[in-house]
Every structure is written in C-alpha cells, then in structure tokens.
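Survey of secondary and tertiary structure
Listed below, chain by chain, are the residues.
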Amino acid sequence: MHLSLLDVGSLLLFIHWLGLAAACHAVLRARTSQGAIAWAVALGTMPYLTLVPYLFLGSSRFAGYIDARRSGNRQVRARALGSDWQRFRDDALRPAQRSGELLGHHASVTLERLTGMPLVGGNQVRTLINGAATFDAIFAAIAAARSYVIVQFFIVRDDALGARLATALAERAAAGVKVHLLYDGIGSHDLSRRYVRELRAAGVEVHKFATGHFINRFQLNFRNHRKIVVVDGECAFVGGHNVGVEYLGDKPPLSPWRDTHIEIRGPAVGCIQFAFLEDWYWATQRVAELAHATPVAGDMRCQVVATGPADAQETCSLFFVEAINAAKTRLWITTPYFVPDEAVFAALRLAALRGVDVRVLMPARRDHLVVFSASTLYAHDAVRAGVRVFRYQPGFLHQKVILIDDVAAAVGSPNLDNRSFRLNFELTVLTIDRDFATEVRTMLEADFAQSSEIAAAEFTGKPGWQRAAMHIARLFAPIL
C-alpha cells in the first residue's frame, strides 16, 4: 500500500490541526503565562516533535487531582493527628519564638503561614556529605530501629545500593519492626517487580506514588521528588540523595557525585513524618500508625518546608523568594539545575544589587542537554546582574543547599526550576542556628574551591549557533 501525495498532505494537515488544538489547551490549562507561551509556540510550530511530549508533560493541573489531594490531607490530619497535631504545633512554637530575631520577624511569620508548619526548637542537625556518609548513617539507623521505619525516595534502583536497602528493610521487618517504603512511579519506572514482590513477601509495606486516576495515565507531572527516612520518630534523613549506585559516585561519566543530606533529631522529625503521612495516605488510602514527635534533643530551630502542586499557594517558589529577600550579607545557593522562574530570578538580581554576596554553584557536567543549555543562559544573565556563578569541576553536583547570612541554612530536595516550584512534591528543612550555618559555610567554601567562576565573556565567546541554541532551550524553561 502506497501513500499518495494527497494522503501525506492530509496527514500533515491533521497533525498541525492537533498541534493547534493542543496549543489552545495549553493556553487554557497552563499554570503560568510563561508555560502557556512555551507550549503554545512549540505545539504551533513543531507539532511533529512536541505533541507526544505534551501528552505526557503538558498538564500542570489534573481534573479533580488537587481537590482530591487536599481532601486526603484533611482526612490525615483528622484521623492520624487531630487535636494532637495542634497541641504539638502550639508547644513547639514556644521555644522557637526568638528565632524571628535571627532570620527576621517578618520572614519567620511569612514562612510559617506559607508552609503551614511551625518553626520548632529543640533539634539537632548534622550534615552528611556525599553518598557514603549518607547511606552509612541511614543504614545504621535502620539497623537500630525498634518500632518502625519509613522510607520514601523519588528513585529506587534495583542495583547494589537498592539491594542493600532491601536487605536492611527485610531484616527489620523480620524482627517485628513496621516498615513502610514509598517510591515514585515515574522516578522508579525501571524498578523490577521482583524487587517489590520480595520486599512484600518479607513483610515490608511497599507502595508506588502515582496520580491515581485513569484519565491521567499519560501524565508525568505531579511527581513525588521527596527523599525521607524516619526511624522510630527519633531521627530523620532528608536531602538530595536517591537510592542508586550513581549517588555513591560509582557510575561514570558523572562520578564523582556531589550531594548533601542531613540527619535531624528532635521535634522537627514529627513535621517530616507528617509530610510522609500525607503522601502515604494518598498512595494507600490508609493512615500509617506512627508515633508522635520526639522530645527535645538540642537547641536548634528548624522549619520543615513541605511543598507540592496541591498547595493553596505556589509554596516552593515563594519560599525561595522569601529566603532570598531575607538575606542581608550572604546568599549562597547550590543547585544542579538553574532554571529559575521570574520571581526567583528577580529576587536574586535584587539581592545582588543591594550588596548581598550572591553566589550560585551549579554543575560543570551535564546530565540533561536542554536544561544545561538553558541554565547556561540564565547563568550569563545572572552574572551580568552581579550574581557570582560557579561550576563545580570534580564531578556532577546534585546537592540542593541554601545559606542565608551567618544565620540560616536549608537542605532538601527541590531544584531551582519550574518542575520543583510547581509540579513536584518537595521537602526542605530550614535551620536557624549560627553554628550550623558556619558548618554549612565551611562545606560550601570547600565546594567553591573546587569550582571555576563563570565570566561574562564566557557566553559572548561561544559560537553563534551555541548562543542561539541556548536561547531556544530557554524558551522551554517553564516546562523543563
């Protein structure tokens, strides 16, 4: 059977018609005007290349999803915590009131209202630099678990590190410890059925986080990008690591892998655990029976910033804006993907203009070509505005850390991109403590010492076709 020119023309016309229809859908449904323009231009001009990606990535708000998620969160609060949660918040706030004097009263009040989480005192936090330190600490805590273990990652791989995790969880389940594992269905798309089946047979409750509706079966948005481990309600681990050998630096060409996790002890563990409870309830429609917050373990003040697309506000983006605006002398940020939205980028430039030492540390090696190209152009514009931008040289930089003055530091899972700001569930822990801020500063100074600073001439010295490619890549920034 041979296609005539008329058949080919009709097919092309139909594809373009579908592209225009999808462009209209994007304009009506996109969460931001930038996202609407990016999709509309791409679908109207290149439907052959963008129709299929739009099917999977185009929707930033699913029919009924946000209402259902919010309803589930309310049910968790009522069934799992109820008045106990309010009492915990009230009690936790009392020792933390003077934290406002350090970060700024208005910033402290704003962040609590924005996140719905209290700034709690009585915590201890320690940094875990890179994969070996992180997973050694996590496995040691799991091995000592007496009551329960909760584990949540965006990526869980069935490799050497994944096997080590499975063994550790199965051993605790065999000892009568309740074990819960939640993984993202897209991030862990290649996780084998055998891996899940064997864990369940060992007594581990394993579930996949997904959007959960048939009409959303093609969508890759609304991913759960959080990385959480909690043991017995006593200690929690959050940061940038997932479960895979690349996070140990054992997978070239991106190795050595640079990342940061933190271990938290104290009442903030209860807030982290609460974020997991909401995710677990969404995935299973069951409330996990876990203990409440732990006693005071130290004198550090922490705020858990759990963000996601079901929030009433664009919590993640607004958190970054407020954190940047709070800086008076120093603002250092590390991120693997530097594709900020307009609000965050404007805040960065204004901070530099008011004399703040603003630095951004990003990778020298790329794992996503389009994102790397867009990041390079944003870096050039940032340098022109007075922001110092560095590229980490030894290997791939994946850590997500913020240092504010000599007072506050934040470590978590969000990147500086639209996907983390609006489409992913993320979790960050903000710490208000001068000693810990000094520790983070020392860590970042070591990273900057292994980095090269980007000069304004770096962009202008590139061939014209590369500069054009960067501008094209940035058109897609709202949907990257």
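Residues numbered from 1 in each chain as written. Predicted model: local features only at pLDDT ≥ 70, side-chain atom pairs only at ≥ 80, totals over all residues. Heavy atoms only, no water.

Named according to an unreviewed UniProt entry, the chain is Cardiolipin synthase A originating from Chitinasiproducens palmae. The Function (unreviewed entry) comment attached to the chain in UniProt states, word for word, "Catalyzes the reversible phosphatidyl group transfer from one phosphatidylglycerol molecule to another to form cardiolipin (CL) (diphosphatidylglycerol) and glycerol." Quoted straight from UniProt, the Subcellular location (unreviewed entry) entry for the chain says "Cell membrane". (UniProt positions renumbered as here; feature names shortened; annotations may be inferred.)

To continue, consider the overall build of the chain. Broken down by element type, the chain carries 18 helices and 16 strands. Here the chain, with 480 residues, has 58% of them falling under the buried criterion. Intrachain contacts of the chain at a sequence separation of at least 6 include 82% that bridge at least 24 residues. Total accessible area on the chain stands at roughly 19,900 Å², and carbon and sulfur atoms take up 58% of it. (Helix = DSSP H or I, 4+ residues; strand = E, 2+ residues; numbered from the N terminus. Buried < 20%, exposed > 50% of the residue type's maximum accessible area, 1.4 Å probe, protein only. Contact = heavy atoms within 4.5 Å. Areas by Shrake-Rupley, 256 points an atom, 1.4 Å probe, with all protein chains shown as cover.)

Our next topic: the UniProt feature "active site" (unreviewed entry) in the chain. As annotated in UniProt, the feature "active site" (unreviewed entry) corresponds to His225, Lys227, Asp232, His398, Lys400 and Asp405 in the numbering used here. Filtering out sequence-adjacent residues up to four positions away, Asp232 remains in contact with Ala144, Ala145, Arg146, Ser147 and Tyr148. At 2.8 Å, the side chain of Asp232 and the backbone nitrogen of Ser147 are in polar contact. Mapped onto the secondary structure, Lys400 falls in the loop between β12 (388-392) and β13 (401-404). According to the relative accessible area criterion, Lys400 is buried, its value standing at 4%. With near-sequence residues (within four places) excluded, Lys400 lies in contact with His225, Gly240, Thr334, Pro336, Ala410, Val411, Gly412, Ser413, Pro414 and Asn415. (Polar contact = N/O pair within 3.5 Å; in protein donor to acceptor, adjacent residues only side chain to side chain.)

This part is about the UniProt feature "domain: PLD phosphodiesterase" (unreviewed entry) in the chain. Those residues carrying the UniProt feature "domain: PLD phosphodiesterase" (unreviewed entry) are residues 220-247 and 393-420 in this numbering. Helix makes up 11% of residues 393-420 and strand 32%, with an end-to-end C-alpha separation of 25 Å.

For Met362, the location among the structural elements is in strand β11 (residues 357-363). Given a relative accessible area of 1%, Met362 falls into the buried group. Considered as a pair, Met362 and Ser451 are 89 residues apart in the sequence and their alpha carbons are 9.1 Å apart.

Bringing the nonpolar core into the picture now. Grouped together as the largest cluster of nonpolar side chains are 83 residues, with contacts concentrated most on Ile142, Leu169, Phe319, Leu331, Phe338, Leu348 and Val389. Here this core gathers at least three residues from each of two domains, domain 2 (63-104 + 120-299) and domain 3 (315-479). Core analysis: the next-biggest nonpolar cluster, separate from the first, contains 47 residues, Met117, Ile150, Ala236 and Met443 among them. (Core = buried A, V, L, I, M, F, W, Y, C linked by side-chain atoms within 4.5 Å. Domains from an automatic or database assignment.)

It is worth spelling out unusual backbone geometry at this point. Of the consecutive residues Pro252 and Pro253, the connecting peptide bond is found in the cis state with omega at 10°. With respect to the helices, strands and loops of the structure, Pro253 is situated in the loop between β7 (235-239) and β8 (260-265). In this model, Ser255 is joined to Pro256 through a cis peptide bond whose omega is 0°. For Pro256, the location among the structural elements is in the loop between β7 and β8. Although it is not a glycine, Asn130 adopts a positive phi angle of roughly 75°. If you trace the backbone, Asn130 turns up in helix α8 (residues 130-143). Phi angles above zero are rare outside glycine, and Asp232 is one such case at about 60°. Along the chain, Asp232 falls in the loop between β6 (228-231) and β7. With a relative accessible area of 9%, Asp232 lands in the buried category.

Scanning the entire structure with this criterion turns up 21 salt bridges. A salt bridge links Glu234 to Arg146; the shortest N-O distance between them is 2.6 Å. Separated by 88 residues along the polypeptide, Glu234 in the loop between β6 and β7 and Arg146 in the loop between α8 and β2 (148-153) bring together distant segments of the chain. Residue Glu234 is classed as partly exposed on the basis of its relative accessible area of 32%. A relative accessible area of 58% means that Arg146 is categorised as exposed. Of the charged contacts, one joins Arg194 and Asp158 as a salt bridge, the two residues approaching to 2.5 Å between their closest N and O atoms. Note that Arg194 is positioned in helix α10 (residues 193-201) and Asp158 in the loop between β2 and α9 (160-174), a separation of 36 residues in sequence. Looking at Arg194, the relative accessible area reads 36%, which means it is partly exposed. For Asp158, a relative accessible area of 32% corresponds to the partly exposed category. If you follow the salt bridges from partner to partner, you end up with Arg330, Asp406, Arg441 and Glu445 in one network. (Salt bridge = Lys/Arg side-chain N within 4 Å of Asp/Glu carboxyl O.)

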